[in-house]
Amino acid sequence: MEMTWVWTGMVTLSLLFGLASGRLDAVANAALEGARSAIELSISMAGVLCLWSGVMEIMNACGLSEGLAKLFRPFLRKLLPNACRDGETLAAISANVSANLLGLGNAATPLGIRAARRMARGCNGTASNELCLLVVLNTASIQLIPATIASVRAAAGCQTPFDILPAVWLASVLSVAAGLLAAWLLSRGRVEQ
């Protein structure tokens with residue numbers, strides 16, 4: 001609701017300053033240009049996202065994503081031992097981590113929500129340490145292929161949208177490490193109930 005007020009305020013101020021300076025036509029032209037750019041960006045991103053969603057479907061069909069998820073299960077069992085006792089929760093968490101690894105945040109979100117709902121059972125409204133770790137893993141995920149970022153860069157006219165890979169790899173590894181360390185430090189003083 002607050003963002004509604006922010007956007008309404010920005011539009012109102014723009015119109016008032018445009019009217020006061022006698023450049024209301026420039027404000028109108030800027031609004032139309034911004035709308036055109038937004039539509040162009042959305043359409044070009046939709047194509048790239050459809051491509052990567054298709055790649056993900058092919059990976060699912062040939063069992064590659066399931067194999068990738070199996071690689072993470074030993075690590076996840078150590079990190080989230082209580083959650084991983086349930087096979088369905090473990091499968092959702094593994095698939096979530098795999099989708100995030102491939103840079104498919106749109107595909108990872110429903111899997112993360114499914115895992116979080118299963119993990120939240122019996123928490124009585126208070127997130128467990130493991131549920132907090134899941135949120136950290138989902139939010140600060142390691143990405144091998146940043147498909148969404150590359151699609152935005154390609155839509156903005158970048159000729160080499162994947163030249164950011166080393167920076168993305170380093171930043172994502174550091175963010176996961178910092179998130180896991182913070183979650184571990186904050187959970188030390190908190191006893192599970």
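Residues numbered from 1 in each chain as written. Predicted model: local features only at pLDDT ≥ 70, side-chain atom pairs only at ≥ 80, totals over all residues. Heavy atoms only, no water.

In this structure, what is going on with the environment of Thr-126? I would like to understand it.
Inspection of the secondary structure assignment puts Thr-126 in the loop between helix H5 (105-120) and helix H6 (129-139). Using a relative accessible area of 47% as the deciding quantity, one classes Thr-126 as partly exposed. Residues Thr-126 and Ile-145, spaced 19 residues apart in sequence, show a C-alpha to C-alpha distance of 34 Å. (Helix = DSSP H or I, 4+ residues; strand = E, 2+ residues; numbered from the N terminus. Buried < 20%, exposed > 50% of the residue type's maximum accessible area, 1.4 Å probe, protein only.)

Is there a simple way to think about the environment of Val-97 in this case?
Within the element layout of this structure, Val-97 appears in helix H4 (residues 87-101). Sequence-wise, Val-97 and Ala-108 are 11 residues apart; in three dimensions their C-alpha atoms are separated by 7.3 Å. Once you skip the residues sitting within four places of it in the chain, Val-97 turns out to touch Phe-72 and Leu-76. (Contact = heavy atoms within 4.5 Å.)

Explain the pattern of salt bridges to me, please; I cannot follow it from the model alone.
Here the idea is simple: oppositely charged side chains can pair when their charged atoms come close. Within the structure shown, the criterion is met by 3 salt bridges. One salt bridge connects Glu-33 with Arg-36, and the closest N-O pair in it is separated by 2.4 Å. One end of the pair, Glu-33, and the other, Arg-36, are both in helix H2 (residues 24-62), 3 residues apart, so they sit about a helical turn from each other. Arg-36 gets classed as partly exposed once you look at its relative accessible area, which sits at 40%. Residues Glu-40 and Arg-36 are paired through a salt bridge, measuring 2.4 Å at the closest nitrogen-oxygen approach. You can see Glu-40 and its partner Arg-36 sitting in helix H2, 4 residues apart, about one turn around the helix. Through salt bridges that share partners, Glu-33, Arg-36 and Glu-40 make up one connected network. (Salt bridge = Lys/Arg side-chain N within 4 Å of Asp/Glu carboxyl O.)

What is the right way to read helix H7 (residues 147-155) from this model?
Working note: α-helix, 3.6 residues per turn, so residues spaced by three or four point in the same direction. Within the sequence span of H7, burial applies to Ala-147, Ala-150 and Ser-151. Along H7, the residues classed as buried sweep out an arc of 100° about the axis, all on the same side. Count one or two residues on from H7 and you reach Gly-157, which has phi positive near 100°. (Arc of directions from axis to C-beta.)

Just to check I follow, could you spell out the packing of H6 against helix H8 (residues 165-188) for this structure?
Working note: a packed helix pair is described by the angle between its axes plus the distance between those axes. Relative to each other, H6 and H8 sit at 165°, their axes nearing to 9 Å. When the axes of H6 and H8 are compared, the pair comes out roughly antiparallel. The chirality of how H6 crosses H8 is right-handed. Of the residues in H8, those in contact with Asn-129, Leu-133, Val-136 and Leu-137 of H6 are Val-176, Gly-179, Leu-180, Ala-183 and Ser-187. A breakdown of the residues in the contact of H6 with H8 according to their chemical character gives 6 nonpolar, 3 polar and no charged. (Axes fitted to C-alpha atoms, helices over the stretch in contact; angles between N-to-C directions. Parallel < 35°, antiparallel > 145°, perpendicular 65-115°, else oblique. Left-handed = near helix turned anticlockwise from the far one by under 90°. Nonpolar A, V, L, I, M, F, W, Y, C, P; charged D, E, K, R; others polar.)

When you look at the nonpolar core in this model, what are you seeing that I'm missing?
In terms of nonpolar packing, the biggest core is built from 26 residues, with Phe-72, Leu-76, Leu-80, Ile-93, Met-119, Leu-134 and Leu-180 touching the most fellow members. Elements represented by at least two residues in this core include exactly helix H3 (64-79), H4, H5, H6 and H8. Excluding its chain neighbours within four sequence positions, the residues that come into contact with Phe-72 are Val-97, Ser-98 and Leu-101. (Core = buried A, V, L, I, M, F, W, Y, C linked by side-chain atoms within 4.5 Å.)

Teacher, can you tell me more about H8 here?
Look at H8: 34 Å from first C-alpha to last across 24 residues, which is about the 34 Å you get at 1.5 Å a residue. For H8, the full list of buried residues reads Leu-165, Val-168, Ser-172, Val-176, Gly-179, Leu-180, Ala-183 and Ser-187. (Expected span 1.5 Å × (residues − 1).)

I tried to follow the environment of Pro-161 on my own but got confused; where do I start?
With respect to the helices, strands and loops of the structure, Pro-161 is situated in the loop between H7 and H8. Assessed through its relative accessible area of 16%, Pro-161 is described here as buried. Along the primary structure Pro-161 and Met-59 are separated by 102 residues, whereas in three dimensions their C-alpha atoms are 22 Å apart. If we skip the residues at most four places from it in the chain, Pro-161 touches Ala-150, Arg-153 and Ala-154.

Help me understand the side chain of Arg-118, please; the structure alone is not making it clear to me.
Looking at the secondary structure, you find Arg-118 in helix H5. Polar side-chain contacts of Arg-118 include one of 3.0 Å to the side chain of Thr-89. Ignoring any residue separated from it by four or fewer positions in sequence, one finds Arg-118 in contact with Asp-86, Glu-88 and Thr-89. (Polar contact = N/O pair within 3.5 Å; in protein donor to acceptor, adjacent residues only side chain to side chain.)

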